[in-house]
Structures are given as C-alpha cells and as structure tokens.
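Reading the structure
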Amino acid sequence: MATREVLSSRTETVNKYMKLDQKGNIMAEYVWIDAVGETRSKSRPRPERERAAPTAGTTSSGASGPIDLLDSALDSEFAGFVAGMMTELSALCCDTLPEKEYAAEDLPVWNFDGSSTDQAPGENSDVYLRPCAVYPDPFRGSPNIIVLAECWGADGTPNKFNFRHECAKVMEAYADHEPWFGLEQEYTLLDHDDRPFGWPTGGFPAPQGPYYCGVGSGKVVMRDIVECHYKACLYAGVQISGTNAEVMPGQWEYQVGPCEGIKMGDQLWVSRFFLARVAEDFGVKVSWHPKPIRGDWNGQGLHSNFSSKEMRVEGGMKHIEDALKKLEPHHVECIKEYGEDNDQRLTGRHETGSIDQFSWGVANRGTSIRIPRETAAKGYGYFEDRRPASNADPYRVTKILMTSIFGKL
Ligand code: ADP
Ligand code: MN
Ligand code: MN
Ligand code: MN
C-alpha cells in the first residue's frame, strides 16, 4: 500500500519536468516481445523531422489519429474540411510532423543485449530491433512515439521469439480474403504478494457471481487502471472495442478489433505494453496466466473472433462451416500455438471446452468454437475460437487460424 501512496504523491513533481521543452527532439520508445511473452522497451531521442510539402502525406503502419476519429464521426465532406483546417492550423503553430506521420521505414534499426533477456547467447548477444509499426505515445504525449519492433539476429534471420515475421508473410499471401480478427484479452490485476488485487489477506472473496460486469465497491477493483488503459489505446489509435469486468474478482477484459491481417497482432501487443505500463503507474502487477488462481475460479483466455470477406456476406455460413471443418483436424496443432499452461484452463468447466476435443456450437460457451447467435440468425458473420489462452501470442494465433483454413505456404 505504501508504495502506491508514494507513487501518487510524486505526480506534481513529475509534471514539473514533463512540461519542459524537448528542444527539437522527439522520444521514440522501442517496444519488443521478449522470451517469456512479456514486452520490453527502451527509449532514444530522434531529431524532429521537418514538415514536407503540405500535401505529402506519409503513412504510418497501424496508427490512426484524431483526424481519423473525426472522419468516422462526421460526414466525409465536413470531415475533409475539418482535416484540411487542422493541417493548416498545425502547420501554423508548429513546423514538425505530427507523430502519426512517422512511418516505421523512417526509423533506424536499433539493438539490445539479448543475453540479458534470454533472447541470445552471451558470446553473440546483439539482437536487432527492426521497426514495424508506429503509434502516438500516450504516456509522454505529442510529439513522442511508440515504435513496435521485430527482433532479428546479426546473421539476418528472425530471432527465435519473433513470431511476427512468418505471420506477416501469411497475412500478405492471403490478403485477398481480407481476414478480420477481434481478440478478447482477459487479465488479472495482482498485488505485490501475487494475489489478485483487493482479495482479503489470507482468505478468499465470496464465490463468483456478482463480479462479471459488476459495478460498485466490493465487486470490482482498480477501475482507474481500466479507464486509463482505454484512453491510452484510443489516443494511440489502437482499435480497442470495449472493456468489462470479468467473472473472478480482480479480473478484467478488453477487446481489440476488428483489425485486418498483421495489424491484429501489432495492436494487441501494443495494447499489452500499454496495460503493463499503466498498471506500473499504479504500482499494480498484471497477470496474463490462463489460470492465475487454482480452484473454483475462472481462468482467462484470448477468445479470437475471425471472419473472411466471404464469411461476412450473404451465404457466409457455408464458408464458416467449411472453415470449422478445416480447423477440426488441426486441433492439436492449434493448441500448441495457443499459449502455455492452457491445460490448466481448458478443462471443460468454467465456460471452456476440453483441451482434448474439438467441438463447436451456436451460442455455446462450453465448446472450442462458438458461432454467435446473431451470425447463425443472419446466416453470415464471424466465429469465435475460445481456445487461445490469455498469454497466447496473437501472431501465432492469427497465423495458425489462417494456415489451417487456407493452407500452409
Ligand atoms: P463476447 O460476446 O464473446 O464476450 P466481445 O464483445 O467481448 O464478445 O468481443 C467480440 C469481438 O469480436 C470484438 O473484438 C469485435 O471487434 C470482434 N468482431 C466483431 N465482428 C467481427 C467480424 N466480423 N470479424 C472478426 N471479428 C469481429
Ligand atoms: Mn468478451
Ligand atoms: Mn470474457
Ligand atoms: Mn468471448
């Protein structure tokens, strides 16, 4: 408790420094995925880029900004007018690029000591960070950026823990199917004794029931973290599509999507980095483990919703059923990609299907795959793969879904 009080009382002091001018530099926080499926990051300054001719728009991989948000909210003609105004205004008040216009290609390759992260041996320890997507930085604010990077070896091969490289190839090869994913990330907030935050010391809370989508003291804890994370995602252009309190006290969920192709893995990883970083501000830990508390408590998953272009239009149900037939014989192969310790969670109890058996059903939460009621009623839409664990790598999940359905490359 003391740690958190000290942290919050420092806010005013920190803000004194945060207001200081950066003297023509931006801060670029490079984020990568480590050997145990957590994110790591380090920062370097970059000189602010000069604004090019007003019409020259560089695209960044993945990020959208306030103008894009306006686009969807207003009719397009008016949005165009507002966007033009904003571009002119920002040209007047600053002569540097807004952070959304930094592209991954413009940023330098960097490196880190892979022997300190179990990602490389000590005698050949350099791991290279190749930028792959850029987002506005919700922690330092404009004009600073978050740079998601792939890990590569000095010999020009992807690092053992770089699952993005192969995933991106698959997404590229099957881009014509316009694959959409929506991932539901469940997690638990832990105190420093590794017990769920808000649980009584040495005891247990009342059994599950009042906590799912709960409101009120005694039902949910640390909503502040959930709200701050939501804002951070929106600011960065991560397509967060909702959040809710979960079945076990201290457990929460947020959804990201629908995102097309490789953007799904990119955005989910950045959203995980944001959550760990926000929770750090509150002195709270995040557990991504699929069964954070043993016993009669719900585990946690990364339900993966999927649709192709063909599934989203009339007659789509046939394509959904074909996909499920393709997925069935790949069950064991899929489970291997769906996260560590998932056997502790996929027991056939607590709203899961059994790990040994592939099953599907309409509106059934005790199966491997659920077809949402609305999809069944309309005859087209998407399906939900409920098997992936909360600690699964979204690059591995989205890739195996694609290769199971459309074939290996
Ligand atoms: P649940 O009822 O399982 O809790 P949620 O509302 O939490 O479902 O999550 C549903 C997810 O499905 C969201 O991430 C959403 O973006 C995604 N989704 C919605 N439509 C599609 C679609 N056509 N293809 C893929 N994903 C979709
Ligand atoms: Mn959900
Ligand atoms: Mn859930
Ligand atoms: Mn779900």
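Small disclaimer: the values here were computed from a predicted structure and weren't measured. (Residues numbered from 1 in each chain as written. Chains lettered and ligands numbered in written order. Predicted model: local features only at pLDDT ≥ 70, side-chain atom pairs only at ≥ 80, totals over all residues.)

1. Describing the overall build of the protein
- Helix and strand content of the protein: 11 helices and 13 strands.
- Counting all 409 residues of the protein, 40% fall into the buried class.
- For the protein, the share of sequence-separated contacts (at least 6 apart) that also reach a separation of at least 24 residues comes to 68%. (Helix = DSSP H or I, 4+ residues; strand = E, 2+ residues; numbered from the N terminus. Buried ≥ 20, exposed ≤ 12 C-beta atoms within 10 Å, placed from the backbone. Contact = placed C-beta atoms within 7 Å.)

2. Description of the sheet that holds strand β2 (residues 39-47)
- If you trace the 5 strands from one edge of the open sheet to the other, you get β2-β1-β5-β4-β3, paired in mixed fashion. Both outer strands of the open sheet, β2 and β3 (110-113), are each paired with one neighbouring strand and no more. Between one strand axis and the next, the sheet turns through 40° on average, direction left out of account.
- By the bridge criterion, 4 bridges tie strand β1 (residues 25-33) to strand β5 (residues 145-152) in an arrangement that is parallel. (Pairing = 2+ DSSP bridges. Axes fitted to C-alpha atoms, helices over the stretch in contact; angles between N-to-C directions.)

3. Here we look at helix α5 (residues 164-173)
- Turning to α5, its buried residues are Arg164, Cys167, Val170 and Met171. The buried residues of α5 occupy an angular sector of 125° when the element is viewed end-on, so they sit on one face. (Arc of directions from axis to C-beta.)

4. Some words on the site of ligand 1
- Looking at ligand 1, there are 17 residues lining it, with Gly182, Gln255, Gly257, Asn305 and Ser307 nearest.
- Counting only elements with at least two residues in the shell around ligand 1, the list comes to β6 (180-190), β7 (240-245), β8 (251-260) and β10 (302-307). (Near = placed C-beta within 6 Å.)

5. Digging into the environment of Pro292
- Tracing the backbone shows Pro292 in the loop between β9 (285-287) and β10.
- As for Pro292 and Thr188, which are separated by 104 residues in sequence, their C-alpha atoms are 7.5 Å apart.
- Setting aside residues no more than four positions away along its own chain, Pro292 makes contact with Thr188, Pro196, Ser287 and Gln300.

6. Thoughts on the nonpolar core
- Residues Val31, Val147, Leu148 and Val270 are the most contacted members of the largest nonpolar core, which totals 83 residues.
- The residue makeup of this core includes at least three contributed by each of domain 1 (24-49 + 99-162) and domain 2 (170-406).
- Discounting residues that sit within four places of it in the chain, Leu148 has contacts with Val31, Cys132, Ala133, Asp266, Trp269 and Val270. (Core = buried A, V, L, I, M, F, W, Y, C linked by C-beta atoms within 7 Å. Domains from an automatic or database assignment.)

7. Overview of unusual backbone geometry
- Between Ser142 and Pro143 the backbone carries a cis peptide bond, its omega angle lying at 5°.
- The topology assignment puts Pro143 in the loop between β4 (126-136) and β5.
- Following Gly257, the chain continues to Pro258 via a peptide bond in cis, the omega torsion being -5°.
- Note that Pro258 resides in strand β8.
- We note that Lys23 has phi near 50°; this positive angle belongs to a residue other than glycine.
- You can see Lys23 is positioned in the loop between α2 (11-18) and β1.
- The backbone of Cys213 sits at a positive phi, close to 55°, despite the residue not being glycine.

8. Quick word on the confidence of the model for the protein
- When pLDDT is averaged along the protein, the result is 88; 85% of the residues meet or exceed 70.
- This model gives residues 52-83 a pLDDT under 50, and the stretch forms 39 contacts once residues within four places in sequence are excluded.
- Across residues 85-95, confidence stays below pLDDT 50; counting only partners more than four residues off in sequence or on other chains, it has 7 contacts. (pLDDT = per-residue confidence, 0-100.)

9. Some details on the packing of helix α6 (residues 223-236) against helix α7 (residues 263-281)
- One can describe the packing of α6 onto α7 by two numbers: an axis separation of 9 Å at closest approach and a directional angle of 135°. In this view, α6 runs oblique relative to α7, as classed from their interaxial angle. Handedness of the crossing formed by α6 with α7: right-handed. Of α7, the residues touching α6 (which contributes Ile225, Cys228, His229, Ala232, Cys233 and Ala236) are Val270, Ser271, Phe274, Leu275, Val278 and Ala279.
- When the residues that make up the contact of α6 with α7 are grouped by side-chain class, the tally is 10 nonpolar, 2 polar and no charged. (Parallel < 35°, antiparallel > 145°, perpendicular 65-115°, else oblique. Left-handed = near helix turned anticlockwise from the far one by under 90°. Nonpolar A, V, L, I, M, F, W, Y, C, P; charged D, E, K, R; others polar.)

10. Quick word on the environment of Asp356
- For Asp356, the position within the fold is in the loop between α9 (331-337) and β11 (360-362).
- Here the alpha-carbon distance between Asp356 and Val332, two residues 24 residues apart in the chain, equals 7.8 Å.

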